[in-house]
Amino acid sequence: MIDAEKHVVPGARDVRDVLAKDPIVRVLGSRLANPVVLGLVAFAIVLVTIVFGPSSDTRFIYTAF
Amino acid sequence: MPLLRNLGLAALVLVAALGVTDVAFLRAVPSPPRLGTNFSSAFLHLEIERLRREEPRTVFLGDSVLWGYALRPSESAPALLAAGGLRDANFAFEGGSPANTYAMLELLLASGVRPARVVFNVNQKTFNVADSAYATLHPSVAPLARPLLRPADAALLEPGAADDSLSAQLDREAGALWHLYAMRADVREMLFGDIDAAHALHAALEVASGAKARADARDAPTTERFEGSYDLAPLGTGNVSVHYLALTVAALRDAHIPAVAILTPTNHALLHPYVDTPQYAGNLAYVRRLIERSGARVVDLDRAFAPAEFLDNDHLTAAGNRRLARRLATELADP
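Residues numbered from 1 in each chain as written. Chains lettered and ligands numbered in written order. Predicted model: local features only at pLDDT ≥ 70, side-chain atom pairs only at ≥ 80, totals over all residues. Heavy atoms only, no water.

**Notes on the overall build of chain A**
Regarding its fold elements, chain A presents 4 helices and 0 strands. The N-to-C order of helical and strand elements in chain A reads α-α-α-α. Scored against the burial criterion, the 65 residues of chain A give a buried share of 18%. Accessible surface, chain A as shown: approximately 5,100 Å² in total, 68% of it carbon and sulfur. (Helix = DSSP H or I, 4+ residues; strand = E, 2+ residues; numbered from the N terminus. Buried < 20%, exposed > 50% of the residue type's maximum accessible area, 1.4 Å probe, protein only. Areas by Shrake-Rupley, 256 points an atom, 1.4 Å probe, with all protein chains shown as cover.)

Below is the structure:
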């Protein structure tokens, strides 16, 4: 059983505060806030989709999104 | 506003990275020994452009028999001839037929390719109205070649399925601008040896588990399976494949391109009830006369191979392809 009291983030007023103090969210947030990193991540997603996509992707929307 | 600016910058980075990748891809994409099972119009166009820039080669046209069905690309007869020193290019593909051979030839000639010689196979089963490729162009050949056909010739073919949906339009637009996207099917086949990663994994698992061997044994070709594959009605000019074969040999003659037509090896032992008949022999002779009238050379391989050299009704084993390559090497060395 999870003890909710032990998981309270000190000083957090709502879920945004909790996320802001979460270390993973903070690292991801700071990285993705950089437009170059964000663009390269999108590029990697597109490449992986193209290379590993299914052969049935004769539809543009299916492949790209 | 900073959010929008950042997203705009990210989009620019994405487009720039895709652009650089596309340029590098076009320079690096290899030229395989044959077209893939699922080749795209964009890849076909690229291969034709490469062929146009090279010294004239012997060009192979035709169907899966010359393509090298169920074999590795290096095991097909044209690849073996290339390994032996012949400067050739294999533009045969799975699902070929006289109409597709003519469409590919017209596409090559219209693109400025000047073959040193054209070798093509003529398969008796493709004169059958029931054959899937009888009056149908390959979906990746049709967009490039259909506009080159005379309207009266094009009218003999099945109309292509016009897809004007938003998705299809976006697909065409993206493919026109973005080569990697347009050739994604070719990239997957080059990387995985299958139409995509999932199929390659599935095939590997089937081999490892023995399921493929069991399926092959279960699906071994039987005579009954080919009932109806060969139409024994007398051939005439009303047959679409005859019409396109006549166009092919006439185009080769008019372009002064030496041509060799192979009458496709046929497994007579397997197909005995359907092909060992006077009607089949008559149709074979009709095709032979039609080709020879145009001045092309005919290499009759209809009965040239033993049953053990076939995978099924007409596709040759690796050993069969080796013998086909030796036979063609002799024929092509003869001026």
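**Some words on the interface of chain B and chain A**
Each partner contributes to the interface: chain B provides 25 residues, whereas chain A provides 23 residues. Between chain B and chain A lies a buried interface of about 2,000 Å² when both sides are counted; carbon and sulfur atoms form 71% of it. Where chain B meets chain A, there are 0 salt bridges. Taken together, chain B and chain A are joined by 3 residue pairs in polar contact (both at pLDDT 80 or more). Going through the elements one at a time, α1 (2–28), α8 (166–177), α9 (179–182), α10 (184–192) and α11 (197–209) of chain B are the ones with two or more residues in the side of chain B that touches chain A. (Contact = heavy atoms within 4.5 Å. Buried area = accessible area lost by both parts, 1.4 Å probe. Salt bridge = Lys/Arg side-chain N within 4 Å of Asp/Glu carboxyl O. Polar contact = N/O pair within 3.5 Å; in protein donor to acceptor, adjacent residues only side chain to side chain.)

**A look at the sheet that holds strand β5 (residues 297–300) of chain B**
Residues and elements named next belong to chain B. Pairing in this open sheet of 5 strands is parallel, and the strands run β2-β1-β3-β4-β5 from one edge to the other. At either end of the open sheet lies a strand with only one pairing partner, and these are β2 (88–90) and β5. Pairs of neighbouring strands in the sheet enclose a mean axial angle of 20°, with direction left out of account. Bridge count for strand β1 (residues 58–61) against β2 is 3 bridges, and the pairing is parallel. By the bridge assignment for β2, T58 is matched with D88. Strands β1, β3 (117–122), β4 (259–263) and β5 of the sheet are contacted by helix α16 (residues 318–333), whose axis makes an angle of about 155° with β5. (Pairing = 2+ DSSP bridges. Axes fitted to C-alpha atoms, helices over the stretch in contact; angles between N-to-C directions.)

**Things to note about the packing of aromatic side chains**
Residue and element names in this part refer to chain B. On inspection of all chains with the given rule, the structure shows 6 aromatic pairs over all chains. An angle of 50° between the planes, with centres 5.7 Å apart, marks the rings of Y102 and Y244 as tilted. With Y102 in helix α5 (residues 98–110) and Y244 in helix α13 (residues 240–254), the pair connects residues that are 142 residues apart, well separated along the chain. Accessibility classification places Y102 together with Y244 in one group, the buried group. Considering the side-chain rings of W178 and Y181, the 5.4 Å spacing of their centres and the 25° angle between planes classify their relative orientation as stacked. Each member of the pair, W178 together with Y181, is buried. If you follow R34 out to its NZ or CZ, it ends over the ring of W67, 3.6 Å from the centre. Over the ring of Y181 we find R184; its NZ or CZ atom is 4.1 Å from the centre of that ring. (Phe/Tyr/Trp six-rings, centres within 6.5 Å; stacked < 30°, edge-to-face > 60°. Lys NZ or Arg CZ within 6 Å of the ring centre and 35° of its normal.)

**Topic: the pattern of salt bridges**
Residue and element names in this part refer to chain B. Enumeration according to the criterion identifies 17 salt bridges over all chains in this entry. With a closest N to O distance of 3.0 Å, D276 and R303 form a salt bridge. Separated by 27 residues along the polypeptide, D276 in the loop between α14 (268–275) and α15 (278–293) and R303 in the loop between β5 and α16 bring together distant segments of the chain. A residue is classified by how much of its surface remains accessible, and D276, at 28% relative accessible area, is partly exposed. Given a relative accessible area of 59%, R303 falls into the exposed group.

**Some remarks on α16 of chain B**
Residues and elements named next belong to chain B. Spanning 16 residues, α16 covers 22 Å between terminal C-alpha atoms, matching the ideal 22 Å at 1.5 Å per step. Regarding α16, the residues found buried are A318, G320, N321, L324, A325, L328, E331 and L332. Buried residues of α16, viewed axially, fall in a sector of 140°; they line one side. Seen from the open side of α16, the exposed residues pointing more than 90 degrees away from its buried face are R326, T330 and A333. Among the structural elements, β1, α3 (64–67), α4 (77–83), β3, β4 and β5 are those in contact with the buried residues of α16. (Expected span 1.5 Å × (residues − 1). Arc of directions from axis to C-beta.)

**Describing the packing of helix α2 (residues 41–53) of chain B against α5 of chain B**
Residue and element names in this part refer to chain B. Contact geometry for α2 and α5: axes closest at 10 Å, N-to-C directions at 50°. It follows from the interaxial angle that α2 and α5 lie oblique. Considering the relative orientation of α2 and α5, their crossing is right-handed. From α2, L44, I48 and L51 reach across to α5, where they touch M104, L107 and L108. In terms of residue class, the contact of α2 with α5 is made up of 6 nonpolar, no polar and no charged. (Parallel < 35°, antiparallel > 145°, perpendicular 65-115°, else oblique. Left-handed = near helix turned anticlockwise from the far one by under 90°. Nonpolar A, V, L, I, M, F, W, Y, C, P; charged D, E, K, R; others polar.)

**Quick notes on the side chain of D312 of chain B**
All names here are of chain B. Mapped onto the elements, D312 comes out in the loop between β5 and α16. Despite its burial, D312 remains without a salt bridge, the nearest opposite charge being carried by R225 at 5.4 Å. One polar contact links the side chain of D312 to the main-chain amide nitrogen of D314, over a distance of 3.1 Å. When near neighbours in sequence (up to four residues on either side) are disregarded, D312 contacts Y69, P221, F226, N267 and L270. (Lys, Arg positive; Asp, Glu negative; His and termini not counted.)

**Notes on a nonpolar patch on the surface**
All names here are of chain A. There is a patch of nonpolar side chains on the surface, built from V15, V18, L19 and V25 and spanning about 310 Å² of accessible area. Looking at the nonpolar patch element by element, the count peaks at 3 residues for helix α1 (residues 15–21). Along the chain, L19 falls in helix α1. (Patch = residues over 30% accessible without salt bridge, like charges linked within 9 Å, V, L, I, M, F, W, Y side chains within 5 Å.)

**Side note on the side chain of R50 of chain B**
With respect to the secondary-structure elements, R50 of chain B resides in helix α2. Residues contacting R50 of chain B, with those up to four places away along its chain left out, are L26, V29, P30 and S31 of chain B.

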